[in-house]
Amino acid sequence: MNLKPIAGIDVSKYFSEMVVISPANEILARLTIHHNNPSDFDRAIEILKKVEEDFAARPIIVMEATGHYHKILSRFFNCRGWDVSIINPLQSNSIKNAGVRKVKNDKNDALWIALTFRLTNSAIAQPSSETLDCLKNLCRQYYNLSDELTSYKYRLTSVVDQIMLNFKEVFPDICSKTSLAILENYPTPNDILSADSEKLISIIQQTSKKSYQWAEEKYELLIAKAKEFKPFSISNLANVTMLKVYINMVLTLQQNIDKIFEAINQLVQQSSQTQPSISENINLLQSIPGIGFLTAATILAEIGDFEKFSKPNKLVAFFGIDPSVNQSGQFVGTKNKMSKRGSKILRRILFTIALANIRTKRDSKPCNPVLLEYYQKKCQQKPKKVALGAVMRKLICIIFAVMRDKKPFELRTPEEHIQKCFNKTAVYCV
């Protein structure tokens, strides 16, 4: 158990409550830190220095991970040489229920945060790389905007279905450049039928970058479908207005997603001179089947320092795909689900990587024959989703091995892997 003084900080948007406790868990000081008042920060430093003098031990500052609000305080104290530990709210929330009375306020929460660190003996967080923090922020925003884009695509599709349901028979991808250009200029069947044929064909040809003949065929099919659905079209003002709004949102979000992707590329290129390990690690991760540049950058940004994971099981737990435990007395639960206590984004991209590894290419050749065979064997005994979860765990072990050994991925069968490990052991024995 840590016997140093601890300063627990309950962080909110505009102010935070700090409580300092002694090694005997006695309250030494309390302070409200207003985030727009520099004198409050100076007062906090004075209190911490006074406690350090009294106990001949430097206090440890502890706070919860609260979105982006804790980052200001964490950066402030780190830059001034104080040790800061960021704990998971799941830890502090569980210990807050230890008291019989139901008391919920910021000062009390700050005390429980300090006691949580004391009782769980949590590790002190090392100041993270500013480049990795920036990369994590960009990658998370990329996925957030991608989710919003998907949402608006669904909304756009619902409106198009009301105005012209058979539009998909002409352009299966409603959000393609050609489709959006036509819907923006000619939103209803009436608009399409009354449009100048040469102008409409020109739009189709320019946006699709295909031949005039192809554009003319599409135009004729579009006219036929517009005539067919005209009597059923709900082309009221609301649908036409929302159609244009959704088109604008889709285009705007796509542009912003492209900007974020360019920024990620730029950040990785810039870091290759100051922190070459970032680009090197991304290249190593990209050697694994199913992992592209963005996926590799996201994995690296979310995990940060791989050296803090001494075993593959620790990395599995960080991803949140380790099994939960349900045991009491003689009862041992057998139907346990994933804990899902780790990074949600990591599980999301790991799922897509697993799917990419068990699929086959157009020539019917497997992308990863070893993992595909492993998945098929698991499917003989387990449901498909459980088998896919086993593939996800295998992939984490592969990621761990690649980053530990600093060597690109090499496809091996289990027999080849065992033989290679045996030969290494034999060499070392000699």
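First, a word on what this report is: a plain description of the structure on this page. Note that the structure is a prediction, hence the values are computed from the model and not measured.

Cut-offs and rules
Residues numbered from 1 in each chain as written. Predicted model: local features only at pLDDT ≥ 70, side-chain atom pairs only at ≥ 80, totals over all residues. Heavy atoms only, no water. Helix = DSSP H or I, 4+ residues; strand = E, 2+ residues; numbered from the N terminus. Expected span 1.5 Å × (residues − 1). Patch = residues over 30% accessible without salt bridge, like charges linked within 9 Å, V, L, I, M, F, W, Y side chains within 5 Å. Areas by Shrake-Rupley, 256 points an atom, 1.4 Å probe, with all protein chains shown as cover. Salt bridge = Lys/Arg side-chain N within 4 Å of Asp/Glu carboxyl O. Lys, Arg positive; Asp, Glu negative; His and termini not counted. Charge placed at Lys NZ, Arg CZ, Asp CG, Glu CD. Buried < 20%, exposed > 50% of the residue type's maximum accessible area, 1.4 Å probe, protein only. Pairing = 2+ DSSP bridges. Right-handed = clockwise from strand over helix to strand, strands pointing away.

## Some details on the environment of D258
Positionally, D258 belongs in helix α10 (residues 237-274). Along the chain, D258 and Y142 lie 116 residues apart, while their C-alpha atoms are 8.8 Å from each other.

## Focus: helix α16 (residues 384-405)
The terminal C-alpha atoms of α16 lie 32 Å apart, and with 22 residues this matches the ideal 32 Å at 1.5 Å per residue to within 8%. K406 sits one or two residues past α16 and shows a positive phi near 55°.

## Describing a negative patch on the surface
A cluster of acidic residues, D196, E198, E216, E217 and E220, forms a negative patch on the protein surface. The dominant element in the negative patch, judged by the number of residues it contributes, is helix α9 (residues 212-229), at three residues. In this structure, E220 sits in helix α9.

## Some words on the pattern of salt bridges
Tallying each qualifying case throughout the model produces twelve salt bridges. Taking the shortest distance from any N to any O, the salt bridge between E302 and R140 comes out at 2.7 Å. Here E302 is found in helix α12 (residues 293-303), whereas its partner R140 is found in helix α5 (residues 130-163), with 162 residues between them in sequence. Among the residues examined, E302 registers a relative accessible area of 5% and is labelled buried.

## What to know about the pairing of strand β5 (residues 84-87)
Inspection of the sheet shows strand β4 (residues 60-64) paired to β5 by four bridges, in the parallel sense. Across the sheet, the residue bridging to E64 is I87, located in β5. Viewed along the sheet, the connection from β4 through helix α2 (residues 69-79) into β5 turns out right-handed.

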